[in-house]
Amino acid sequence: MSGSVPDEGSYAGEQLGMPASGPGSMAPLWRRAVGLLVDWVIVQVLAVAAFGAQLGAGGAQAFVPLGILAVLNILCVTAFAATPGHALMGLQVLQLRRGAFPLQVVIRTLLLCLFVPAVLTDRTGRGFHDAAAGTVIVRR
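Read on for an overview of the structure.

Reading the values: rules and limits
Residues numbered from 1 in each chain as written. Predicted model: local features only at pLDDT ≥ 70, side-chain atom pairs only at ≥ 80, totals over all residues. Heavy atoms only, no water. Helix = DSSP H or I, 4+ residues; strand = E, 2+ residues; numbered from the N terminus. Rg over C-alpha atoms; globule rule 2.2 N^0.38 Å. Buried < 20%, exposed > 50% of the residue type's maximum accessible area, 1.4 Å probe, protein only. Areas by Shrake-Rupley, 256 points an atom, 1.4 Å probe, with all protein chains shown as cover.

### A closer look at the overall build of the chain
Then, number 1: For the chain, the helix and strand inventory stands at six helices and two strands.
Then, number 2: When the helices and strands of the chain are listed from N to C terminus, the series reads α-α-α-β-α-α-α-β.
Then, number 3: Computed over C-alpha atoms, the radius of gyration of the chain comes to 15 Å, within 12% of the 14 Å expected from 2.2 N^0.38 for 140 residues, which places it in the range of a compact globule.
Then, number 4: Dimensions of the chain, computed from the C-alpha atoms along their principal axes, are close to 50 × 25 × 25 Å.
Then, number 5: Here the chain, with 140 residues, has 38% of them falling under the buried criterion.
Then, number 6: For the chain, the exposed area adds up to about 7600 Å²; of that, 68% sits on carbon and sulfur atoms.

What follows is the structure in structure tokens.
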């Protein structure tokens, strides 16, 4: 349930019909994590600079960066299929299931903000937030 390779001899994304490597292949966990880390640093800087939030503050201030992360994800992924962190790492969000992409992005983002669905993976190697939304992060 939490491994990124479903079976021995196969690769993450194989069950989704994706190539093993190169453009269009499923992004490895480390690239997705670094992309999220880049986005989180951007969010923290915006929270302090634009909203006067204090790093490590409790109460309502603790949710300012999370709210900014949600807005950043919804706007950037809907418009460009990537957040700044995704783009820096050469990644993009791909729609796997038919439907309204903006709605899928909202579902994906809300689950990402809960954190736990993002760190758990399904049998294809996708985070639960991507699996629930019908999306996957791939290499550009």
